[in-house]
Amino acid sequence: MSVGRFMPLTLFRQRPRSLHDLSLTVRQEIIRRYCSSRPTGERKIRIGCASGFWGDTATSAPQLIHNGNIDFLVFDYLSEITMSLMTAAKHKSPDLGYAPDFIQAVMAPLLGDIKKKGIRVISNAGGINPHSCAAALKDVAKKSGVDLKVAVVTGDNVMSKKSDISETGVSDIDSGVPIPKTLVSMNAYLGATPISRALDLGAEVVITGRCVDSAVVLGPLMHTFGWAPDDYNLLAQGSLAGHLVECGAQATGGIFTDWHTVPDWDNIGFPIAECSSDGSFIITKPPKTGGLVSVPAVAEQLVYEIGDPKKYLLPDVTCDFSQVKLSQVHGEAVSVTGALGSEPTNQYKVSATYTDGYRVTAVCPTAGINAAEKGRRTAESILKRVRRMFKFLGLEDFTQTNVQMLGSEESYGPHSNSPNPREIVIWLAVQHQQKKALEIFSREIAPAGTGMCPGLTGIVGGRPRVSPVLRLFSFLYPKENVTIHVEMDDLKETVEIKEHAAAQSDNISQQEEPPIPTGLETGSCSYTLGQLAYARSGDKGNSANIGVIARHPSFVPYLREALTEEAIRNYFRHILEPGIDKQIQRFELPGIQAFNFLLKGALGGGGVASLRSDPQGKALGQMLLDFQLDGLPDLLSRLK
């Protein structure tokens, strides 16, 4: 871009050396005028996401770099569970606490290609130790002979304010419990503004600690198009682009309800968001890769891990996704429009972790007649034996236990239709406040192979290991109390975050919840939910969400009538914690013919604190697909 043609003399007296030498206000005005002088939507950039979690495939980055024609490459590594693991790692060594895979498995072999193509990289791989992550990357770049400008965003770690925060008497935003004394980490979810600023300063790689997942995409969009902090509709669209791609291949056919229609999982394409300056974008993937980019697949990712779609709270903007529209552009691209935005709050969400004893999980395959009955007796006998040992040694009882017979459909509760299986897997998980107590338990698993049920074939992974329990504690914290810095070489710049009005903009959709339908056509047909809808589930702490998308617009009234909050509560009653107010909430997304259900207290504590085999609720959507709808007309003929 030629800067000179847009430089009003009233803004500065001498020509800057580059756009990055300008103040934020002047730079935004220049880019805004440039973008407004172009035809709507002409200015475009392509952002590829190569990681949806810490441990994602290393094959994603090469396909995006070599065949994706991308301008930016982003990586999302963090979740509540990941932050807990990184906290434990840093306690073992002060140089750990970040995602080493990002350095060794991804960046090291690809640095030359990234530099040659001019691709800029943004990653939250810094975890709780972004400086060490940046130092490791610089070391690799130096050894490779690549000159690399690496910026670090700091400020999310608020552990230094632990005493002040504790004195305020904050409580968990979900459970209401007071702040614990055994906190080991506290990280605020930062937004996209500091990432944008790091790119303004010329960073080729930006490494952050905790930020909202979508910020790694919104940051490059704000930088490239000069979107201002109050361009709320643009920020909402950019945040939606980030939300759709931040889980990697989940937007391109991964874990799709109709999994049998998705080709070539081994070479699944990773998502690319091709974004225009007017906020519109398409989701696509590199050519000649597997996977699927379709309206239903993208819709599933849209409803993934959200609560109220009209008030999706982010540090930069409050989003309304309820009226988002998806349309198939061609075989491998979906257009996304319709997100609305308004002012964000003046608080950050802080994700903290605290220690709460120790845990062990034993996993033992068992085969033979009445396998589930044998397995349960084995698990109960182990617990009974260890409790007798505890009593003899003067130790307290377990704080929590969980016994499951995987393969017997026990997790389905009353909805199980499995016959008596001849092979199961014993899942025996326990917690205790003392490590030595669980070391005793760990040693008492193997004797079951010779002294209890026949057909126990081994212990998966050998003798189970004792690990600390790190529980999640989330609270809100004023933005004005958080100081954010961008650091690059000898530069350390404070990033100012705009204060916002307390009232929400009228931009947010005020559409009322549609009334419960009356007078719907009836009939003699019965369907499972899976015949009429797609479903995707996920987690937020100890809460789960399940998104349900109708396969045809005319199915929506029937789903609305059948899938009430009470119906969902009854269906999952066997996994819900009692005594939680408004435990099930239903929200609607008319733009994609979808519903979103929030289930509070559904995950047994969630994350690494849960003893269940599905601590993140990944299977709940699949389980709901068996929900039965009776007395309906012939709906499936409408799909033809």
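Residues numbered from 1 in each chain as written. Predicted model: local features only at pLDDT ≥ 70, side-chain atom pairs only at ≥ 80, totals over all residues. Heavy atoms only, no water.

Colleague: Any chance you could explain the packing of aromatic side chains here in plain terms?
Modeller: Pairs of aromatic rings are described using the distance from one ring centre to the other and the angle between the two planes. Evaluated as defined, the whole model comprises 13 aromatic pairs. Centroid distance Trp-259 to Trp-265: 6.2 Å. Interplanar angle 50°. Geometry classified as tilted. The two residues Trp-259 and Trp-265 agree in class, both being exposed. The side chain of Lys-479 reaches across the aromatic face of Tyr-348, ending 5.5 Å from its centre. The ring of Tyr-304 carries Arg-536 above its face, with NZ or CZ at 6.0 Å from the centroid. (Phe/Tyr/Trp six-rings, centres within 6.5 Å; stacked < 30°, edge-to-face > 60°. Buried < 20%, exposed > 50% of the residue type's maximum accessible area, 1.4 Å probe, protein only. Lys NZ or Arg CZ within 6 Å of the ring centre and 35° of its normal.)

Colleague: Where do I start with the pattern of salt bridges in this structure?
Modeller: Close approach of charged atoms allows side chains with opposite charge to pair. Per the counting criterion, the structure on display carries 19 salt bridges. The shortest N-O distance in the salt bridge between Glu-410 and Arg-376 comes to 2.1 Å. Placement of Glu-410 in the loop between strand S15 (400–406) and strand S16 (423–432) and of Arg-376 in helix H11 (residues 371–393) is noted, with a sequence separation of 34 residues between them. Classification of Glu-410 as partly exposed rests on a relative accessible area of 31%. In this structure Arg-376 comes out as partly exposed when scored by relative accessible area, which is 26%. Linking Arg-385 and Glu-444 is a salt bridge whose minimum nitrogen-to-oxygen distance equals 3.6 Å. Pair noted here: Arg-385 is in helix H11 and Glu-444 is in the loop between helix H12 (435–443) and helix H13 (448–451), with a separation of 59 residues, a long-range link. Taking relative accessible area as the criterion, Arg-385 reaches 30% and is therefore assigned partly exposed. Glu-444 sits in the buried class, given a relative accessible area of 15%. Three or more residues joined by partner-sharing salt bridges are found here, namely Lys-44, Arg-46 and Glu-274. (Salt bridge = Lys/Arg side-chain N within 4 Å of Asp/Glu carboxyl O. Helix = DSSP H or I, 4+ residues; strand = E, 2+ residues; numbered from the N terminus.)

Colleague: Quick question: what am I supposed to make of the nonpolar core here?
Modeller: Generally speaking, nonpolar side chains in soluble globular proteins are found buried as a group. With 81 residues, the main nonpolar core has Leu-240, Ile-283, Val-336 and Phe-475 as its most contacted residues. When sequence neighbours within four positions are dropped, the list of residues in contact with Leu-240 reads Phe-281, Leu-302, Phe-321, Val-324, Val-336 and Ala-339. Core analysis: the second largest hydrophobic core is formed by 40 residues, Leu-78, Val-140, Val-146 and Ile-268 among them. (Core = buried A, V, L, I, M, F, W, Y, C linked by side-chain atoms within 4.5 Å. Contact = heavy atoms within 4.5 Å.)

Colleague: Help me understand H11, please; the structure alone is not making it clear to me.
Modeller: Along an α-helix, residues three or four positions apart point the same way, because every turn accommodates 3.6 residues. With 23 residues, H11 should reach 33 Å at 1.5 Å per residue; the first-to-last C-alpha distance of 33 Å fits that figure. Every buried residue belonging to H11 is among Ala-371, Ala-372, Lys-374, Gly-375, Thr-378, Ala-379, Ile-382, Leu-383, Val-386 and Phe-390, and all of these are buried. Those residues of H11 that are buried are in contact with strand S14 (347–367), S15, S16, H12 and H13. Positioned one or two residues after H11, Gly-394 has a phi angle of 75°, which is positive. (Expected span 1.5 Å × (residues − 1).)

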